Amino acid sequence: MVFTFKNQYLQGVYDKTAKCYANEPEFLQAVGEVLQSLEPVVAKDPSYETNGVIDRIVEPERMISFRVSWVDDNGKVQVNHGYRCQFNSAIGPYKGGLRLHPSVCPSVIKFLGFEQTFKNSLTTLPMGGGKGGSDFDPKGKSDGEVMRFCQSFMTELCKHIGADTDVPAGDIGTGAREIGYMFGQYKRLRNEFTGVLTGKALSYGGSLARTEATGYGLLYFTEEMMNVMKNDTVKGKTIVVSGSGNVAIYATEKATQLGGKVVALSDSNGYIYDPNGINLDVVKDIKEVKRGRIKEYAERVPGSVYTEGQRPWGVKCDIALPCATQNEIDEESAKILVANGTKVVAEGANMPSTPEAIAVFQKNGLLFGPAKAANAGGVATSGLEMSQNSERLSWTFEEVDAKLKGIMINIFHNAYDRSKEYGVEGDLVVGANIAGFLKVADAMKWQGVAY
């Protein structure tokens, strides 16, 4: 997609970025979407141009790439690519997950790091933006193979991270197992026990409610958005969720607790539909215990149906929660959702809706919660884990969950208030981008042009 701007400064920044990174479509999409939201901000305050803030904010402070060599169970040497994008540290140490998936490449890592910068700003916690990972695929690998990969990956990554420098976390393909192997290698190499990674197991510094945080936070945001903007709630609504990983599972759990009925989940092969409501115990057994595929659900639950090779957006619902991966809802899928009477879309994944899909939602008056606001619960709770590690304390589940809920409600109101302030009331895409940008940009101006 080609972005055009009324503001010549923003057009120049985007054109320069597009020329420099012509082969990085995900990154350019993320940059274009944010810059479009910032047109009224730049018009109101020319200091962002005179200080070159936006020229700097679209360029990562540091992009690290490295080779990851490891030995598989057959004794054969395997080689993967490793990355860490330390995008912006204006308001705190770099913070963002490590994604292990074949789709990982510089464009994906940079778009995620760019988005993370504003998402972390929205939480109000002192965290900068970063992201990392590898094109290694943990699916189908033995525990030994995953361990050897993680140890090799961390052998290089440990040179660039630290509790006050850069604190990675989990992401797609990186769960408690992978974080544990990475933390063990970091501790071995650096001879220190610090909160350098989040998403750790409870026995060595992890936080209660971290596993549930992104999914729970998505529903706290959605419930507040519906309450304020439509005087409505999740209760009694039919809900479709894409994905069946950590975010999707706990979004389903919280939606059910709030009185909604989730009828569909998916993975990369297809989706399941259960008109009686998803049996989450079965899903957890398949995905968390056995690491299986979602199609097994239809084999175990009478009345449910599995559809191969499709996403679940054709299933009729009141609320759609994309929780799988980027650009999973395109314009055609968005039109299908609208035609089926969907009233709310809130993003649990990172940038799961294309710009064309978002335009369809907004044109038809759907409530739309953009990812950098709606799915910030995971990194917010990672920030709370960092606080607990620094204090050498462990908070109860209830304490962490209450703080998470407060943060997500505050994120909604920050985005909503900025949308009103800049004359686009209810446009949470613009509101969230502006709210996240302002804090980072102000810090950058204070720290000087050399920063």
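This section reports on the structure supplied with the text. In this text the structure is predicted, and so the values were computed from the model without any measurement.

Scoring rules and cut-offs
- Residues numbered from 1 in each chain as written.
- Predicted model: local features only at pLDDT ≥ 70, side-chain atom pairs only at ≥ 80, totals over all residues.
- Heavy atoms only, no water.
- Helix = DSSP H or I, 4+ residues; strand = E, 2+ residues; numbered from the N terminus.
- Rg over C-alpha atoms; globule rule 2.2 N^0.38 Å.
- Buried < 20%, exposed > 50% of the residue type's maximum accessible area, 1.4 Å probe, protein only.
- Contact = heavy atoms within 4.5 Å.
- 1 Å grid on protein atoms, 1.4 Å probe; cavity = no way out; pocket = protein on both sides within 12 Å on 5 of 7 lines; lining within 4 Å.
- Points joined across faces, edges and corners; volume = space filled by probe spheres on them.
- Nonpolar A, V, L, I, M, F, W, Y, C, P; charged D, E, K, R; others polar.
- Pairing = 2+ DSSP bridges.
- Axes fitted to C-alpha atoms, helices over the stretch in contact; angles between N-to-C directions.
- Expected span 1.5 Å × (residues − 1).
- Core = buried A, V, L, I, M, F, W, Y, C linked by side-chain atoms within 4.5 Å.
- Parallel < 35°, antiparallel > 145°, perpendicular 65-115°, else oblique.
- Left-handed = near helix turned anticlockwise from the far one by under 90°.

**Considerations on the overall build of the chain**
(1) Moving on: In terms of regular secondary structure, the chain is built from 18 helices and 12 strands.
(2) Moving on: Here the C-alpha atoms of the chain give a radius of gyration of 21 Å, agreeing with the 22 Å that 2.2 N^0.38 yields for 451 residues.
(3) Moving on: Burial status across the chain gives 58% buried among its 451 residues.
(4) Moving on: The contacts of the chain with a sequence gap of at least 6 include a subset with a gap of at least 24, amounting to 72%.

**Regarding empty space enclosed by the protein**
(1) Moving on: Following the criterion strictly, the structure yields one cavity of 30 Å³ or more and no others.
(2) Moving on: As a volume, the largest cavity reaches approximately 100 Å³.
(3) Moving on: The wall of the largest cavity is formed by Glu33, Glu115, Glu347, Met351, Ile358, Phe368, Pro370, Ala371, Lys372, Val429 and Asn433.
(4) Moving on: A breakdown of the residues in the lining of the largest cavity according to their chemical character gives six nonpolar, one polar and four charged.

**Structural notes on the sheet that holds strand S11 (residues 344-346)**
Strands in a sheet are paired, the pairing made by backbone hydrogen bonds, and the direction either parallel or antiparallel.
(1) Moving on: The seven strands lie next to each other as S9-S8-S7-S6-S10-S11-S12, forming an open sheet whose pairing is mixed. Two strands bound the open sheet, and with one partner strand each, they are strand S9 (305-308) and strand S12 (367-369). For this sheet, the mean inter-axis angle between neighbouring strands, taken without regard to orientation, is 15°.
(2) Moving on: Pairing of strand S6 (residues 238-242) with strand S7 (residues 261-267) involves three bridges; the strand directions are parallel. Pairing of Val240 across the sheet is with Ala264, part of S7.

**Thoughts on helix H7 (residues 143-157)**
(1) Moving on: For H7, built from 15 residues, the straight-helix expectation of 21 Å at 1.5 Å per residue is met to within 8% by its first-to-last C-alpha distance of 20 Å.
(2) Moving on: For H7, the set of buried residues is Glu145, Val146, Phe149, Cys150, Gln151, Ser152, Phe153, Met154 and Leu157.
(3) Moving on: Residues of H7 that are buried in the fold lie against strand S1 (62-71), strand S2 (77-88), strand S3 (94-100), strand S4 (128-134), strand S5 (166-169) and helix H8 (176-190).

**Examining the nonpolar core**
(1) Moving on: Phe221 and Leu321 are the most contacted members of the largest nonpolar core, which totals 55 residues.
(2) Moving on: Tallying contributions element by element places helix H9 (residues 213-230) first for this core, with eight residues.
(3) Moving on: Residue contacts for Phe221: discarding those within four places in its chain leaves Gly369, Ala373, Ala374, Met408, Ile411, Phe412 and Leu428.
(4) Moving on: The next biggest cluster of nonpolar side chains, apart from the first, holds 42 residues, and it includes Phe27, Leu28, Tyr83 and Phe111.

**A look at the pairing of S1**
(1) Moving on: Pairing of S1 with S2 involves 10 bridges; the strand directions are antiparallel. Bridge pairing in S2 links Arg67 to His81.
(2) Moving on: The hairpin formed by S1 and S2 contains five residues between the paired strands, and Gly75 there has a positive phi angle of roughly 80°.

**Let's talk about the sheet that holds S2**
(1) Moving on: Strand order across the open sheet formed by five strands is S1-S2-S4-S3-S5, with mixed pairing between neighbours. Each of the sheet's edge strands pairs with one partner strand only, and the pair in question is S1 and S5. Neighbour-to-neighbour, the strand axes of the sheet open up by a mean angle of 20°, direction not taken into account.
(2) Moving on: In the sheet, S2 pairs with S4 via six bridges, with the strands oriented antiparallel. If you follow Gln86 over to S4, its bridge partner there is Gly130.
(3) Moving on: Lying on the sheet, helix H6 (residues 106-122) is in contact with S1, S2, S3 and S4; it crosses S4 at an angle near 150°.

**Things to note about the packing of helix H10 (residues 246-257) against helix H11 (residues 280-289)**
(1) Moving on: Relative to each other, H10 and H11 sit at 165°, their axes nearing to 11 Å. By the angle class used here, H10 and H11 are roughly antiparallel. Seen along the crossing, H10 lies across H11 with a hand that is left-handed. Packed against H10, whose contacting residues are Ile249, Tyr250, Thr252 and Glu253, the element H11 presents Leu280, Val283, Lys284, Lys287 and Glu288 at the interface.
(2) Moving on: Looking at the contact of H10 with H11, its residues break down into four nonpolar, one polar and four charged.

That's the geometry; what it means functionally is another story.
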